Structure formats: C-alpha cells, structure tokens
Amino acid sequence: MSATILDGKATRNTIFAELRQRVDALRARGVTPGLATVLVGDDPGSHAYVRGKHRDCAKVGIESIRVDLPATASQGEVEAAVDELNADPACTGYLVQLPLPGRLDAGTVLERIDPAKDADGLQPVNLGRLVLGEPGPLPCTPRGIVELLRRYDVPLAGANVAVVGRGVTVGRPLGLLLTRRSENATVTLCHTGTRDLDAELRRADVVVAAAGVPGLVRPDSIKPGAAVLDVGITRTAEGLVGDVAPETRETAGYLAPMPGGVGPMTRAMLLLNVVEAAERAADRA
Ligand SMILES: Nc1nc(=O)c2c([nH]1)NC[C@@H]1CN(c3ccc(C(=O)N[C@@H](CCC(=O)O)C(=O)O)cc3)C=[N+]21
Ligand SMILES: [Mg+2]
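Residues numbered from 1 in each chain as written. Chains lettered and ligands numbered in written order. Predicted model: local features only at pLDDT ≥ 70, side-chain atom pairs only at ≥ 80, totals over all residues.

As named in an unreviewed UniProt entry, the protein is Bifunctional protein FolD, taken from Actinoalloteichus caeruleus DSM 43889. The Function (unreviewed entry) comment attached to the protein in UniProt states, word for word, "Catalyzes the oxidation of 5,10-methylenetetrahydrofolate to 5,10-methenyltetrahydrofolate and then the hydrolysis of 5,10-methenyltetrahydrofolate to 10-formyltetrahydrofolate." (UniProt positions renumbered as here; feature names shortened; annotations may be inferred.)

Asks: Explain the pairing of strand β4 (residues 93-96) residue by residue, including any values.
Replies: Here β4 shows no split at all, with Gly 93 and Leu 95 on one side and Tyr 94 and Val 96 on the other all buried. Where strand β2 (residues 34-40) and β4 come together, four bridges link them in parallel fashion. Bridging across to β4, Val 38 finds its partner in Val 96. (Buried ≥ 20, exposed ≤ 12 C-beta atoms within 10 Å, placed from the backbone. Helix = DSSP H or I, 4+ residues; strand = E, 2+ residues; numbered from the N terminus. Pairing = 2+ DSSP bridges.)

Asks: Break down the environment of Ser 46 for me, with residues and values.
Replies: Within the fold, Ser 46 resides in helix α2 (residues 44-60). Taking the C-beta count within 10 Å as the criterion, Ser 46 has 17 such neighbours and is therefore assigned partly exposed.

Asks: Tell me what's going on with the UniProt feature "domain: Tetrahydrofolate dehydrogenase/cyclohydrolase NAD(P)-binding" (unreviewed entry) in the protein, and back it up with residues and numbers.
Replies: Residues annotated in UniProt with the feature "domain: Tetrahydrofolate dehydrogenase/cyclohydrolase NAD(P)-binding" (unreviewed entry) correspond here to residues 139-281. Counted over residues 139-281, helix gives 32% and strand 19%. Its end C-alpha atoms are 19 Å apart.

Asks: If you had to explain the site of ligand 1 to someone new, which residues and values would you point to?
Replies: Around ligand 1 sit 17 residues, and of these Leu 95, Leu 98, Pro 259, Gly 263 and Thr 266 come closest. Every element with two or more residues in the shell around ligand 1 is listed here: α2, β4 and α9 (262-284). Element by element, the count of residues in the shell around ligand 1 is highest for α9, at four residues. Broken down by class, the residue content of the shell around ligand 1 amounts to 11 nonpolar, four polar and two charged. A domain split of the shell around ligand 1 shows at least three residues from each of domain 1 (29-114) and domain 2 (140-264). (Near = placed C-beta within 6 Å. Nonpolar A, V, L, I, M, F, W, Y, C, P; charged D, E, K, R; others polar. Domains from an automatic or database assignment.)

Structure below.
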C-alpha cells in the first residue's frame, strides 16, 4: 500500500482561486490589499522565496511592494524600513524575511511590526493572541499544515499527533493550533532532548517532522497508516531534502512530501493572512 499524497500544490491552487474572489470583493469595496517584503542581504534561497511570494501576489490580485536592503544594513536601517511600512497605507500586510544576518537582532525587528500588518503571525502580540485563542493572523506553516489535513479529511479530533521540532515558526505554534477545541488533537512536542523519539512517533496517528534532519522519519519509525507531513528542508549537494526518508511512503497512510506538500501551503496561508487583515480593516472602516 502506498500513501495518499497530501498535494500542497493542488490545494494551494484551490485556495488561490478562493482568495482571488475575496480580493475582487475587497476591491469592489474600495480596499486594495498590498503585501510588502523586507529582505536583507543576498542569500540566494531567501531571494528565491521572496520572488515566489511576489509571484503568488500577482496570481491572486494582491499588490506587492519589495524592500531590499544590502547585507551591510544596520539595525537602525532595518527598523526604519519597518517604520515606513507601518505608516504606508498601500501596505496592508508585510513580512521581514528570516533569517536576518546574524549580527541583527530579529526579535527587536519583529516586535516593531504593527500587529495589524503582521502577515506572518510572528509578531509577539499575535503569538500572544494565539495562546489566548483571540483572533489574529496565524503563523503560516502551522496554519498550512492544519488546513492541508482538514481539506483531505485526515481526522484530528482525539488523534495523537507527534510534532518533531520546537521552533517558533513551526513546532511551538503548531502545538497551540492542534490543541484548540476546533482541532482537539493530543500533541506530543518532540525535540533534541526527547529520550526515545521512535517510541513517540510509533504511537502517533499524525507525524509532523520539522527538525531539519534528513532521514529522521523512516518506515519503521511510524505506525502503519499514519499521516506523515515532511516540513524539514536541508540543503545538500544533491539539492533540497526533507526529514522523511522516501520509503516511508509505503508505510504511511498519508504523506505530505517535500517538495510539494507543506511548502506551497505556507505560501498560500501568507496570502490568506493578508486578505483576512484587509477584510478586518475594511469592516472597521
Ligand atoms: N518571515 C518569514 N516567513 C516565512 O514564512 C519564512 C521565512 N521568513 N523564512 C524562510 C522560511 C521557509 N519558508 C518556506 C516557504 C515555502 C517553501 C516552499 O514552497 N517549498 C517548496 C520547495 C522548495 C523550493 O522550491 O524552494 C515545496 O515544499 O514544495 C519553503 C519554505 C518560509 N519561511
Ligand atoms: Mg515558515
């Protein structure tokens, strides 16, 4: 038996079509959503991601603004770019591409983002809202994971979910999303200190691998029929590889592969956050 593929590209295309209609409706109300990106330095991977985000905006009718700063930019220059976007009415949502060059303090930059314009859901006020269960933008990768599982009717209520990785962009907020009453999953958040990772994975109905360790999840690591979502990305000489060994496809019931699974959903959720923020602003006006 081979796993049902959780096709993030096809699902992303469906979501883009839905978003295009919502953007048209906003424009009819006189509101034009606009996403800005702030990119510091010349990492080729980060440049490719940012280009992709602008292409996505064009597909759904969202205006986009690019702010590119040199690798030598100071903390003050990055913060000035944030202040400008906070004040710019053409920018209804934006993100600061991570990681920032190591000498810059990313936490201070993220804190400075107007929470109402936070397209990533990573501003501390919005992370606090997530903990409190209040409405706000949600972190894109966790939201994309939940949305992908929902659209394929993978059951979450009462399910055991093992999440590997406790990072602020994936593992930690994912634990919060999955334990909401609307999802009702039981989450085990695994990390480098977990004593017996395979024991945790074998108990799980759903495994989310976001550790950045190639081959971390193997066919004998999981319960047969489990849903496995590969969120790892490691750059190797052979290209990008995920955390899930390819043979796992034969044992899993569902597989979100890397590439083509969660990555495209992350990008779709970024635009969904922008559209929702513009709708909230239009409702307030
Ligand atoms: N402020 C900020 N927000 C982010 O959301 C953010 C970020 N910084 N920095 C980097 C990470 C990484 N990330 C990905 C998004 C899409 C794919 C994606 O679409 N991946 C393709 C394959 C990889 C590719 O084609 O390059 C796929 O899985 O099919 C991957 C990774 C967003 N991030
Ligand atoms: Mg991310």
